[in-house]
Amino acid sequence: MNNFSVDNFKEDIRFRRKIVHIETIPRRMAKYGRIDDLNPTIKKYLKNKKIKLYKHQAIAYEKIKNKKNIIITTSTASGKTLAFNLPILDDLSNNDKKTALYIYPAKALSNDQLNVLYVLEKDLNLDIKPQRYDGDTPKSSRYSIRQNSKIILTNPYQLHHVLSWHHQWRKFYSNLSYIVIDESHYYKGIFGSNVAYLIRRLKRIAKFYGSSPQFILSSATLANPLELANKLTGEEFELVNEDSSPSGEKEFILYNPFIKNMNLSQVNKKSSSENKNSLIVYNNQSNSISIHQETELIFIYLILKDIQTLCFTVSRKIAELIARWGKQDMLNYRRRLVNSIITYRAGYLADERREIENGLKTRKYIGVTCTNALELGINIGSIDAVIISGYPGTMISVWQQAGRAGRENQKSLVILVAFENQIDQYFMNNPEFFFDKPCENAIIDLSNQILNKSHLLSAASELQVKEEELFEFNLNQSDITSLINEGALIRNTDGIYSYGYNDDPSFKHSLNQLSSESFKVMNNGKLLETMETSQTYREAHVGAILINKGETYIVNEVNLKNNTINVSKHNVEYHTVVLKNVKIKIVEKIKKVKIGNFTIHFGQLEVLEDFFKYKKVHFSKTLGVFPIDMPPLKFKTKGLWFTVDEDLKEELEKKYDDKNVFIGGLHGLEHSLIGLYPLHVMCDRFDVDGLSDGYHEDTQKPSIFIYDAYEGGIGINEKAIEIFEKLIKSSSKLLESCNCDEGCPACIYSPKSGNNNKPLHKEGTIFLLNHIKKEIKSKS
């Protein structure tokens, strides 16, 4: 950075009272490694480019040369790409036939990496003809790429649809030696589980053509990298995780717009542990600007100080909005900087994205607002500062975004601007938890029957499936029989299975969805997007406001017979929130876990969600409540549940003289637990849902259920059982540190509450949490 100091920011009257913590992340010195018997051509290249391999790059190089499957989990800009490119190019240069497949989650990233390979090919004087093969590849070029390119870069979506054409890839698959899966932390939840089966289908085809490729995965830091790599590919891996690249000192500021009258002396620059007992005080009436306007104020401040800044936002619309406000303000402050502000997001044309990427490197652009599209390893050079507007959902994303600021010995600044929700406010009041928190577990669940059936059918359409291969798809005999009875699967007398129809099943199953049943969102005959049934009920009922590419649309009609949603474009200032009633039946008890004297159950649940009303909301004001006329949504999923002693109801009602204290406490407990799920499990709070019931028929006790919000389940709640004690502790800490009187969005309110956050009782919630903590500490 220039002469700007973090002191300038923390002493500014507009910002200083909202800074709750400053963490100084010290500079890290480089550690270098050496490789014995390095290819002379590569050795010369490194010498000419004045590149010294970091220790982790040298370790990765040796492991790859020794035919090990590896996953590399070092930080952003630590040279992971070079670590796998060099040994692969070394091998390919010595063997004319060998090929490699590079899989990237985004086209922009594959294009960036293709340019890297072009440069390496030229500098190393190789003839490998690297090329992208995706939806943008001209048909006229595809045959040549399949026949001549030794490295092909693609994405899972393209691979999903071209596997059935594997006979056209015979030459490439017959010599497939390496499969690289970059940004592998991206593959989690439904998408990750789908890609895991996609990779298994790819392996079947490679085996059919006589090859057994080596896997190389590159990832951000994870809590479970080896587990992720194994579940994603079905192979065993070795881990390369000791980051030996250099990094400059980083000042990381936690900034809370929802705090009142915090003395600057509370800001701790050395040890976050001194902030453990600080309290959050809310005064929403005093906030005259919105959270996004507050973000824009910081954004403009840094640009005016000539600090090149990336501002990560929660959505495309907000990214565009902050950039627009910034340009308008610059007309008043410094007109020459108006064109130095721009937005970067998915949806732009490739040439537009490349122009912005190059503009960041040359400092043509000083301020760029963006979505998480720039989390991925796209080369944009060194940035002075990063603003993270709202916790992005995982610590992985936090450090990916923060890693964009500062390279090597450059000092940098990161500012996390908190929203008024449970997780953001928990971090603001517990900075030691934030900076000590390990990254999350990435969850891939291979037991969802809907997903498994879809991939078995795709595999059978690609190559006949042998009896012994069925175990790869985790289906029981009844599932196989049902597919045969439907005509989707045909079994011959030799026990070989084939696909039963003449279409391509891959086009019926999206990698981003579980169910093949989807709704088309149409505007004047034009397809805007598709969405699953459950998403349709939540977000696209009649009267709902949909946002697509920053534009707002009103849903006019939902046709459940032909699965279409008709919308019309309108500029509106309000949004819609759906209300629902939930009923749950326990279908199967799979297991129960005891923690002290507290018991958690896990099993299969039948959920009935009745979406009966929706609200029109402008900021926090409800404009009206309107009925929804749709049949209830019924599905089976997996979830956890626990019961609460009914005697506590009487005790609470006597203590607070309030008939709603018990059910309000249960409801608040459900909300606070769900709100903090993403602290411990790599998921979004909208990936799970819940029900609190003063008396449930199946348990015959007061109960709380928390379930995966997807048919069949995706493994979230099974993982949550392992961290349930931590979840209880963090929920208790959140409520104790929140200074609201009756509950607020930072503790027990939920933005997706199906019954409008009623009833809720903060003291009742705290009482129940304390009771559960005592049970957990007790010995059986």
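Residues numbered from 1 in each chain as written. Predicted model: local features only at pLDDT ≥ 70, side-chain atom pairs only at ≥ 80, totals over all residues. Heavy atoms only, no water.

**Details of the overall build of the protein**
Consideration 1: A count of helical and extended segments in the protein gives 25 helices and 28 strands.
Consideration 2: Taking 28 Å as the expected radius of gyration for a compact globule of 780 residues, we find that the protein reaches 27 Å, a close match to that expectation.
Consideration 3: Considering only contacts in the protein between residues 6 or more positions apart, those separated by 24 or more positions represent 73%.
Consideration 4: For the protein, the computed accessible surface area is about 34000 Å², with 46% contributed by carbon and sulfur atoms. (Helix = DSSP H or I, 4+ residues; strand = E, 2+ residues; numbered from the N terminus. Rg over C-alpha atoms; globule rule 2.2 N^0.38 Å. Contact = heavy atoms within 4.5 Å. Areas by Shrake-Rupley, 256 points an atom, 1.4 Å probe, with all protein chains shown as cover.)

**Considering the sheet that holds strand β20 (residues 545–548)**
Consideration 1: Read across the sheet, five strands follow the order β19-β18-β22-β21-β20 without closing on themselves; strand pairing throughout is mixed. Strand pairing shows two members of the sheet lacking a second neighbour, β19 (526–532) and β20, which therefore form its edges. Between one strand and the next, the sheet's axes are offset by a mean angle of 35°, whatever the strand orientation.
Consideration 2: Across three bridges, the pairing between strand β18 (residues 518–523) and strand β22 (residues 564–569) is parallel. (Pairing = 2+ DSSP bridges. Axes fitted to C-alpha atoms, helices over the stretch in contact; angles between N-to-C directions.)

**Here we look at the state of the cysteines**
Consideration 1: Applying the stated rule across the entire model yields zero disulfides.
Consideration 2: No disulfide involves C747; its sulfur sits 3.6 Å from the nearest other cysteine sulfur, which is in C740. (Disulfide = S-S within 2.5 Å.)

**Things to note about the sheet that holds strand β9 (residues 250–255)**
Consideration 1: Strand order in the open sheet made by the seven strands is β1-β9-β14-β13-β10-β12-β11, with mixed pairing throughout. Of all the strands in the sheet, the pair left with one neighbour each is β1 (19–25) and β11 (341–344). Each strand of the sheet is rotated relative to its neighbour by a mean of 15°, with strand direction disregarded.
Consideration 2: Bridge count for β9 against strand β14 (residues 412–417) is six bridges, and the pairing is parallel. Residue K250 lies in a different strand from β14, and its bridge partner there is S412.

**A look at the packing of helix α21 (residues 661–675) against helix α25 (residues 762–777)**
Consideration 1: Orientation of α21 relative to α25, taken along the N-to-C sense of each, is 70°, at an axis distance of 7 Å. The angle between the axes of α21 and α25 places the two elements in the roughly perpendicular class. Two secondary-structure elements touch here, α21 through V661, F662, G664, G665, L666, G668, L669 and S672 and α25 through G764, T765, L768, L769 and I772.
Consideration 2: Tallied by class, residues from the contact of α21 with α25 come to seven nonpolar, six polar and no charged. (Parallel < 35°, antiparallel > 145°, perpendicular 65-115°, else oblique. Nonpolar A, V, L, I, M, F, W, Y, C, P; charged D, E, K, R; others polar.)

**Side note on the pairing of β9**
Consideration 1: Within β9, six of the six residues are buried, leaving the element largely enclosed by the surrounding structure.
Consideration 2: Because side chains alternate across β9, one face comprises the buried residues K250, F252 and L254, and the other comprises E251, I253 and Y255, equally buried.
Consideration 3: Where β1 lies against β9, six bridges are found, and the strand directions are antiparallel. Looking at the pairing, I25 lines up with K250 of β9. (Buried < 20%, exposed > 50% of the residue type's maximum accessible area, 1.4 Å probe, protein only.)

**Considering the environment of G639**
Consideration 1: Structurally, G639 is set in strand β26 (residues 633–643).
Consideration 2: Placed 413 residues apart in sequence, G639 and L226 show a C-alpha to C-alpha distance of 25 Å.
Consideration 3: If near-sequence neighbours (up to four positions away) are discounted, G639 is found in contact with H601, F602, G603, L605, I706, Y707 and N717.

**Focus: the pattern of salt bridges**
Consideration 1: As enumerated under the stated definition, the model contains 35 salt bridges in all.
Consideration 2: With a shortest N-O distance of 3.0 Å, R14 and D12 are connected by a salt bridge.
Consideration 3: The partner of D90 in a salt bridge is K65, and the shortest N-O contact between them spans 3.2 Å. Within this pair, whereas D90 is found in helix α4 (residues 80–93), its partner K65 is found in helix α3 (residues 55–65), the two being separated by 25 residues in sequence.
Consideration 4: Given a relative accessible area of 34%, K65 falls into the partly exposed group. (Salt bridge = Lys/Arg side-chain N within 4 Å of Asp/Glu carboxyl O.)

**Section: the environment of P702**
Consideration 1: With respect to the helices, strands and loops of the structure, P702 is situated in strand β28 (residues 701–708).
Consideration 2: Look at P702 and you get buried, because its relative accessible area is 0%.
Consideration 3: Remark: the alpha-carbon pair of P702 and V644, spanning 58 residues in sequence, is separated by 5.4 Å.
Consideration 4: For P702, the contacting residues outside a window of four places in its chain are F642, T643, V644, E646, F662, L666, D693, G694 and Y695.

**A short note on a negative patch on the surface**
Consideration 1: On the surface, a cluster of negative charge is made up of D645, E646, D647 and E651.
Consideration 2: For D645, the location among the structural elements is in the loop between β26 and α20 (647–656). (Patch = residues over 30% accessible without salt bridge, like charges linked within 9 Å, V, L, I, M, F, W, Y side chains within 5 Å. Lys, Arg positive; Asp, Glu negative; His and termini not counted. Charge placed at Lys NZ, Arg CZ, Asp CG, Glu CD.)

**Looking at helix α9 (residues 189–208)**
Consideration 1: For α9, built from 20 residues, the straight-helix expectation of 28 Å at 1.5 Å per residue is met to within 8% by its first-to-last C-alpha distance of 29 Å.
Consideration 2: G210 lies just past α9 and shows a positive phi near 90°. (Expected span 1.5 Å × (residues − 1).)

**Some points on the nonpolar core**
What tends to happen in soluble globular proteins is that the nonpolar side chains get buried as a cluster.
Consideration 1: Judged by nonpolar contacts, the single largest core of 175 residues is most densely connected at Y102, Y173, L310, F642 and F724.
Consideration 2: Setting aside chain neighbours within four positions, we find L310 in contact with L360, V368, C370, L374, I380, I383, A385, V386, I387 and R404.
Consideration 3: Of all hydrophobic cores here, the second largest spans 32 residues; its members include V6, L302, W325 and A385. (Core = buried A, V, L, I, M, F, W, Y, C linked by side-chain atoms within 4.5 Å.)

**Description of the packing of aromatic side chains**
Consideration 1: Evaluation of the coordinates by the stated rule reveals 36 aromatic pairs.
Consideration 2: With a centroid separation of 4.6 Å and 15° between ring planes, the pair formed by F9 and F15 is classed as stacked.
Consideration 3: Pairing Y133 with W169 gives two aromatic rings, centres 4.7 Å apart and planes at 65°, and the pair type is edge-to-face. With Y133 in the loop between β4 (131–132) and α6 (139–148) and W169 in the loop between α7 (156–162) and α8 (170–174), this pair connects stretches of sequence that are 36 residues apart.
Consideration 4: Y133 sits in the buried class, given a relative accessible area of 3%.
Consideration 5: Site record: aromatic cluster; members linked through ring pairs are F252, Y391, W399, Y426, F427, F433, F434 and F435.
Consideration 6: The ring of F602 carries K591 above its face, with NZ or CZ at 5.9 Å from the centroid.
Consideration 7: Above the plane of the ring of F626 lies K616, whose end atom (NZ or CZ) is 4.7 Å from the centre. (Phe/Tyr/Trp six-rings, centres within 6.5 Å; stacked < 30°, edge-to-face > 60°. Lys NZ or Arg CZ within 6 Å of the ring centre and 35° of its normal.)

**A short note on the packing of α9 against helix α10 (residues 225–233)**
Consideration 1: For the pair α9 and α10, interaxial distance at closest approach is 7 Å and the crossing angle is 55°. Classified by the interaxial angle, the pair formed by α9 and α10 is oblique. Contacts from G192, V195, A196, I199, R200 and K203 in α9 reach N230, K231, L232 and T233 in α10.

**Thoughts on the pairing of strand β13 (residues 385–389)**
Consideration 1: Counting buried residues in β13 gives five out of five residues, a clear majority hidden from the surface.
Consideration 2: Burial along β13 is two-sided: A385, I387 and S389 facing one way and V386 and I388 facing the other are all buried.
Consideration 3: Relative to β13, strand β10 (residues 309–312) runs parallel, the two being bridged by four bridges. Counterpart to F312 in the pairing with β13 is I388.
Consideration 4: In terms of strand pairing, β13 meets β14 through five bridges, oriented parallel. By the bridge assignment, V386 is partnered in β14 with V414.

Treat this as a map of the structure, not an account of what it does.
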